[in-house]
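# Chains, contacts and geometry: an overview
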Amino acid sequence: MKSIKLQNLLLACAVALSLTACHKDKKVVPEDKPTADLYVLNQGNLGLPNSTLTSYNYTTKLLTPDFFLLANGKGLGNTANDVKIYGAKMYIVVDKSGTVEVVNPKTAKSIKQVLFQNADKSSREPRSIAFYKGNAFITLYDNNVAVLDTATLTITKYIPVGRNPEQLAVSNDKLYVVNGGGLSYPDVDKTVSIINLSSLTVTKTLTVGLNPYAISVDSYGDVFVHSYNVYPGSPQLTIIDSKTDVVKSITEFAGGPFAVNGDIAYYITSDGTINTYDLKELKASSSNFITDGTTFTAAYAVVTNTLTGEVFVTDAKDYKSNGLIYAFDKNGKKEYSLVTGINPGSVVFVNR
Amino acid sequence: MVKFLRVNFRSQLSLIKKSGLFLFFTLPIFTSNVVAQSDTTKKLDEVRVSSSLIPQRQSATPIQSITSADFKRTSSYSLADAIKNFSGVSIKDYGGIGGLKTVSVRSLGANNTAVLYNGIQLNDAQNGQIDLSKFNLYNVEEVLLYNAQPAELLQTARAYASASVLAVKTIRPVYDSKKNSGMILGIKGGSFGLFNPYLQWKQSFSKHWGLVINSNVQQADGRYKYHESRDGSDTLAIRRNGDVHIQQADGGLYWVKSDSNKFNILFNFYNSKRGLPGPVVYYAAPTSQRLQNTDFFLQSGYLHRYKNSVSLLFNAKYAHSYVRYLDTGVYNTSGFIDEHYRQNDFYFSGAVSYDIVSNWKISYSSDADISNLKSDVYQYAFPTRTSLFNVLATDFNAGKWRLQANLLNTYIHDEVKSGVAADSRSAFTPAVIATFKPFIGQNLLFRAYYKRTFRNTTFAEQYYYAVVPRPLRPEYTNQYNLGAAYTKSFAGIIDFVNISADAYYNHVKDKISYIPTRSPETPSVVNLGKVDIKGIDVVLKTGFKTIDNWKGVLSVNYTYQQALDVTNRTDLYYLEQIPYTPKQTLALNAGFTRKQFGIYYNEIFSSSRYQNSNNVPEYYLPGYSVSDASLVYNFIAVSKPVMLSVEVNNLFNKSYAVINSYPMPGRSYRLTFQITI
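Residues numbered from 1 in each chain as written. Chains lettered and ligands numbered in written order. Predicted model: local features only at pLDDT ≥ 70, side-chain atom pairs only at ≥ 80, totals over all residues. Heavy atoms only, no water.

Moving on to the overall build of chain B. For chain B, the count of helices and strands is four helices and 37 strands. Across the 677 residues that make up chain B, the buried fraction comes to 64%. Partitioning the intrachain contacts of chain B with sequence separation of at least 6 by distance along the chain shows that 65% fall at a separation of at least 24. Approximately 24300 Å² of chain B is accessible, and the part contributed by carbon and sulfur atoms is 61%. (Helix = DSSP H or I, 4+ residues; strand = E, 2+ residues; numbered from the N terminus. Buried < 20%, exposed > 50% of the residue type's maximum accessible area, 1.4 Å probe, protein only. Contact = heavy atoms within 4.5 Å. Areas by Shrake-Rupley, 256 points an atom, 1.4 Å probe, with all protein chains shown as cover.)

Structural data, given as C-alpha cells:
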C-alpha cells in the first residue's frame, strides 16, 4: 500500500524533473572577440535593469545584442541615457543606476564605474555627457553638473544649475546646459545655464522655450535648444548666439533634436518622418529626407556619421520590445537595418 | 528625455496601481454562496466525490476548487497561493509578502478575470485588477475558479461579464443546537519578520440569526535574500522596502429562515501601509515608494425561492477606497510625489429566475453600478462611470443533454468634470454552453462552450495622465472550449479518480495595452494587439482508502498554452509567444494523513518564458520548479482543539523570478498555532 503511493509520487516527480530538464537555454556566444564599429545604447524597459549596448561590426556583420554584458559579465543597469566617446574612452551614462561606465570603446571592457549617488546610495540620476579639454561634464537630475577629470576619472566639482538638467554642449569655449525641470511638470524649467569653462561657474542664465530637453551646436556659433513646452503649447526651437549669448529667436518647431553634419541638421518631425534643417539659412526644408519610402513606427533618435555622411534612424516600435536601427546614405536611401534592444536612444561610431 | 523619465515614473506608478494599489474593494454579500447551499432540488450538475479534497466537479464549464481544509496542503498564505496549482492559471507574482499578485486565466490577462467575494464582484474601476496578496485565507471557506462563468442562473449579471470567475466564499456561521458560539485564536509567524495574529468569532443567536467576525493584523519587514548575478556581484542581495502593516476586519450577520429564504449583511475593512520595493536597481538603491490603502465596504443580500418556481436574489453594496502613493526620491521642486485617490462604488443587483417546466429555467439579472474616482494628479478628469449589466439566461435539461445560453448587454457611460469623457458603450455578448452525458449512471461528461466578453477601459487606462484624450475601443475576447470529465470510484486501494481534460482556443482583439511613449501628446494607452491562444488543461485527482489510519491523496494539474501575438505581420515578434507565458506548467500535490498528523508536498513546475514580446535569448527566463512542504498536527489540549503547523515555501531554496527584476524569495518558513475555544 505504502509502496504504491510512493511509486506514484516518484513517478510524478520524475515527470516534473524531466520537464524541467528539457528546456533550452539558448545563449549566443560569439566565436572570437569582435570589434565594434557602431554602438546603439538601448534605454531598456521603463525602470527595469535591462539597458543594453548593441554593437555592430561593418565587416563581419556581427550584431551583438549586449556587448557590455558580454565584455564585463554584468549589465549596464537601469535606464542608460547617453553614450559618447572621448579620446580613448567611451562613457555610458546610466540614470537610475547612478553610474557612468567608462569603457574601452573597442572592446567595451570596463575601465571604471564612476558612481553618482547620494550617501544612501540613491541615484543622483546622471543624464547626459559632454567634453572639453580633458574634462567630462555630466548633468545630474538633482540640479547639478558634475565635472569628471577624464585622465584620473575622479569627480572634481559639482556646478549647481537649473532644475533637472538634460543635454549639454560646448560652443565658443562655453558650456550650455538645458534645464528641463520636467519632473515638476507642468511647473517646468525654461532656462539654459552658461558655464565658463575656465572658472567652472555659471556666468549667465538665458530664458528659452518651456521644458527644454535637447541641445546642439553648429559651426557658425549658433546653439539650438529644443523644448517640449507644456501641452497644449507646441514644441519650440530656441536659437542662441554663442558669441553674444543672446537668444536670437524662439519659434514653434514641430521636430526633435538636431543631428548636425556640416550645414545640415537632421531631425525627426512630429509626423515621425526625417527632415533636414539648413544651418546656414536657419530654415527647415519641407521635404522628407527619406527618399525610398521607408517609414518608422516610432522614430526615436537620429544620428549622422560625419565621416561617411550616413544618417541613422532608430525606431522604438512599441517602446517595450526590441527596436530597429536603419542606416541611410546621404541621399536618404536605406542601406540596411539592424535589430536593437528596447528604446534605442543613443548611437555612437567607433573610428578605428 | 525628460518625458522619458517622467513616463518612467508614471509607469512605475501605473504598475503600482496595477498592483492593486489602488484597489478598491468591494465585497460580497450573498449570492452564489447562498445559492450553492440551497436546498432546492436543482442540485446542479456537480458530482461531489466523497472526499475532503478538492473534489473534481463534473460541470458544464471547467471548475477547479480548493477548500479551507486544503490550504495547508499547498502551504498557502494568501489567496494567490491557494490557486497557484489550478490548471490554466498563471499568477503574476512580483515577489515578497506585499508584492503584487494577480491572476491570469488561460492567458487572457488579469483584467479578464472577475473576482467574486461571496458572489459579488470586487470592482476596481481604476485598475480592473485585484491584488490577490491582499486576501488572507483565514476567513475563507472555499475558492473556486470557473472558466466562462458559474452555471447557476440566479446570480448577478456581472457574474456573466468576464472571461472567467474566481469566486471566494467566506466561512459561515454554524447553527448547531449544542453550541451557539465558537472562537478561533491563532497566530502565524516566521520568515519576512511575519507576525500575524488572527481571530474568528462565530455566534448564533437563534435558529435563524448568526454572526461571524474575523480580524487579523499582519506585520512584516518583508525582507528576503535573493540572488543577483547580472550586476556582476554574484552574491546574495537583500530585498528591502517590502514591509507591510495591515489591519483587517470583516464580518457578517446572517439570517437564514431556510435555504430558500435568507438574508445577510457583511462588512469588510482593510487598512495597509506598505513599501513598494519596485524592480531591482543595479548599483544603486531604489527610490522609496510607499503605498497606503484604506478600503471599506458594506454589502447586503437577500434570496427567496418561492414555491411557485420563482426565485429572487437581491444584492446591494457600497464600497469606498482610499489610496495614497508617496515617492520621496524625486528631483522635483517639492522633492516627492504624493498622490491621493478616493473611489466610491455603489452597486445594486436584482435577479429573478423562473422554472417554466421542471427541466427548463429562464432568468433575468440586472445590475447597476456607479463608480467615481477623485484624485489630485495633474489634470485629473474626475470620472463618474455608470455601468448597467442586463442578462437573459436559460438552462434546458434534456436527458443526456443540457444546454445553457445567455445574452448579456453591457452599457457604460462616463461623465467627467474636466477633459473629455470616453464615448458611451453598449455591447451584446453571448455565451452558449452544452454538456452531454452519454451513459446514464456513469460519470462521464463531455462539454463545450463558446463565450464572448467585452472589457471596457479602466479609469487608469482611460484617464490617468491622459493629457490628450485617448480614443480607446473596448477589448473583446472569444473563448471556445471542448472537454471531457470522468470520475470513477474503486473498490481497491484507490478510492477514486477524477480526471478532466479541456482544449481551448481564445482570441483577443483590440487588447488594451500600455505603451510608455515619450511625450504626453502621444497616447500612452492604445488598442494594440491581437492574441491567439490555444491550450490544454488537464486535471487529475486521486484519493486512497484509509488503511492503518494512513490516507493518501495525489493531484496533478497540467497546462499547455500557446499564446501567440498575431497583431501585425511586420512586427518583429509576430507569431511569437506573448511575454510571461510558459508553454507548460505542471502542479503536483501529494500528502499523507495519519490520525492527527498530516504531511504534504507541493511542487510547481513552469517551463521557460520570455519577459518580452521578442522571443530572443536576451529576454529568456529559464523555467523553474518550486516546492513547498507542510506538516500539520492536530491535538486536544485542555479539552480544546489545537492545531500546529509548519509550512516551508520554496523548500529547495531555488533562485527564480516570475516577473523579471522582481526576484522571488528563497526558502521561507511559517509557523501557525491555532486554538479553538
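Next, the rest of the story.
A few words now on the overall build of chain A. The number of helices and strands found in chain A is two helices and 28 strands. With respect to the three principal axes, the spread of C-alpha positions in chain A is 95 × 55 × 45 Å. Out of the 352 residues in chain A, the part that is buried amounts to 59%. Nonlocal contacts in chain A, meaning residues at least 24 apart in sequence, comprise 42% of its contacts between residues at least 6 apart. Carbon and sulfur atoms make up 54% of the accessible area of chain A, which totals about 13600 Å². Computed over 33 positive and 31 negative side-chain charges, the inter-centroid distance for chain A is 8 Å. (Lys, Arg positive; Asp, Glu negative; His and termini not counted. Charge placed at Lys NZ, Arg CZ, Asp CG, Glu CD.)

Backbone-to-backbone hydrogen bonds join strands into a sheet, with any given pair of strands oriented parallel or antiparallel. All names here are of chain A. If you walk across this open sheet you meet the four strands as β4-β5-β6-β7, and the pairing is antiparallel. Each end of this open sheet is capped by a strand with a single partner; those strands are β4 (80-86) and β7 (110-115). Neighbour-to-neighbour, the strand axes of the sheet open up by a mean angle of 15 degrees, direction not taken into account. Here β4 runs beside strand β5 (residues 89-94); their pairing, made up of six bridges, is antiparallel. Within β5, the position partnered with Tyr86 by the bridge is Lys89. (Pairing = 2+ DSSP bridges. Axes fitted to C-alpha atoms, helices over the stretch in contact; angles between N-to-C directions.)

All names here are of chain B. Ranked by size, the top nonpolar core spans 26 residues in total, and within it Tyr341, Val377, Tyr378, Tyr380, Phe459, Tyr463 and Tyr464 carry the most contacts. Top element by residues in this core is helix α4 (residues 459-463). It accounts for three residues. Membership of the second largest hydrophobic core comes to 23 residues, among which are Phe71, Ala82, Phe135 and Leu145. (Core = buried A, V, L, I, M, F, W, Y, C linked by side-chain atoms within 4.5 Å.)

One pass over the structure, following the stated rule, counts 29 salt bridges over all chains. For Arg127(A), the salt bridge identified is with Glu166(A), shortest N-O distance 3.2 Å. One end of the pair, Arg127(A), is in strand β8 (residues 126-132); the other, Glu166(A), is in strand β12 (residues 165-171), with 39 residues separating them in the sequence. With respect to class, Arg127(A) is no different from Glu166(A); both count as buried. In this structure, the salt-bridge partner of Glu461(B) is Arg455(B), at a minimum N-O distance of 3.1 Å. (Salt bridge = Lys/Arg side-chain N within 4 Å of Asp/Glu carboxyl O.)

Another aspect to go through is the pairing of strand β1 (residues 63-67) of chain B. All names here are of chain B. The element β1 is extensively covered by neighbouring structure, given that five of its five residues are classed as buried. Residues of β1 alternate between two faces, with Ile63, Ser65 and Thr67 on one and Gln64 and Ile66 on the opposite face, all of them buried. Where β1 and strand β6 (residues 140-147) come together, five bridges link them in antiparallel fashion. Within β6, the residue paired with Gln64 across the bridge is Leu145.

Residues and elements named next belong to chain A. Between Tyr185 and the following residue, Pro186, the backbone shows a cis peptide bond with an omega angle of 5 degrees. Looking at the secondary structure, you find Pro186 in the loop between β13 (174-179) and β14 (191-196). The omega torsion of the bond from Tyr231 to Pro232 falls at 10 degrees, within 30 degrees of zero and hence cis. Among the structural elements, Pro232 can be located in the loop between β17 (222-227) and β18 (236-241). Unusually for a residue other than glycine, Lys317 sits at a positive phi of about 55 degrees. Tracing the sequence through the fold places Lys317 in the loop between β25 (311-315) and β26 (322-328). Looking at Lys317, the relative accessible area reads 17%, which means it is buried.

Moving on to the side chain of Ser162(B). Residues and elements named next belong to chain B. Along the polypeptide, Ser162 turns up in the loop between β6 and β7 (164-170). We classify Ser162 as buried; its relative accessible area is 9%. Excluding its chain neighbours within four sequence positions, the residues that come into contact with Ser162 are Asn112, Thr113, Ala114, Ala148, Lys451 and Thr453.

In this section: the sheet that holds β13(A). Residue and element names in this part refer to chain A. Judged by pairing direction, the sheet is antiparallel, and its four strands sit side by side in the order β12-β13-β14-β15 without closing on themselves. Among the strands making up the open sheet, the edge pair consists of β12 and β15 (201-207). Looking at each pair of strands side by side, their axes are set apart by 25 degrees on average, direction ignored. In the sheet, β14 pairs with β15 via six bridges, with the strands oriented antiparallel. The residue bridging Thr191 from the neighbouring strand is Thr207, located in β15.

We now examine the packing of aromatic side chains. Across all of its chains, the model carries 40 aromatic pairs over all chains by this definition. With 5.7 Å between their ring centres and 55 degrees between their planes, Phe258(A) and Tyr267(A) make a pair best called tilted. For the pair Phe258(A) and Tyr267(A), one class covers both residues: buried. Measuring from centroid to centroid gives 4.6 Å for Tyr624(B) and Tyr656(B), while their planes differ by 35 degrees, and the two rings are tilted. Placement of Tyr624(B) in strand β33 (residues 624-637) and of Tyr656(B) in the loop between β34 (640-649) and β35 (657-659) is noted, with a sequence separation of 32 residues between them. Tyr656(B) matches Tyr624(B) in its accessibility class, with the two residues each being buried. (Phe/Tyr/Trp six-rings, centres within 6.5 Å; stacked < 30°, edge-to-face > 60°.)

Okay, a nonpolar patch on the surface next. All names here are of chain B. Judged by side-chain polarity, Tyr354, Ile356, Val357, Trp360, Ile362, Phe396 and Leu403 come together as a nonpolar surface patch covering roughly 570 Å² of accessible area. Among the secondary structure elements, those contributing two or more residues to the nonpolar patch are β17 (337-357) and β18 (360-375). For Tyr354, a relative accessible area of 37% translates into the label partly exposed. (Patch = residues over 30% accessible without salt bridge, like charges linked within 9 Å, V, L, I, M, F, W, Y side chains within 5 Å.)

All names here are of chain B. Among the seven residues of β7, seven are classified as buried, and the element is accordingly described as predominantly covered. Along β7, one buried face is formed by Ser164, Leu166, Val168 and Thr170 and the opposite face, lined by Val165, Ala167 and Lys169, is buried too. Across seven bridges, β6 lies against β7 in antiparallel orientation. By the bridge assignment for β7, Tyr146 is matched with Val165.

Attention shifts here to the confidence of the model for chain B. All names here are of chain B. In the predicted model, chain B carries a mean pLDDT of 88, and 90% of its residues have values of at least 70. Ranking the helices and strands of chain B by mean pLDDT puts β18 first, with 97, and helix α2 (residues 32-36) last, with 32. Below a pLDDT of 50 lies the segment residues 1-56, which in the model reaches 240 contacts outside its immediate sequence neighbourhood of four places, other chains included. Both confidence scores are given for the complex: pTM 0.88, ipTM 0.86. (pLDDT = per-residue confidence, 0-100.)

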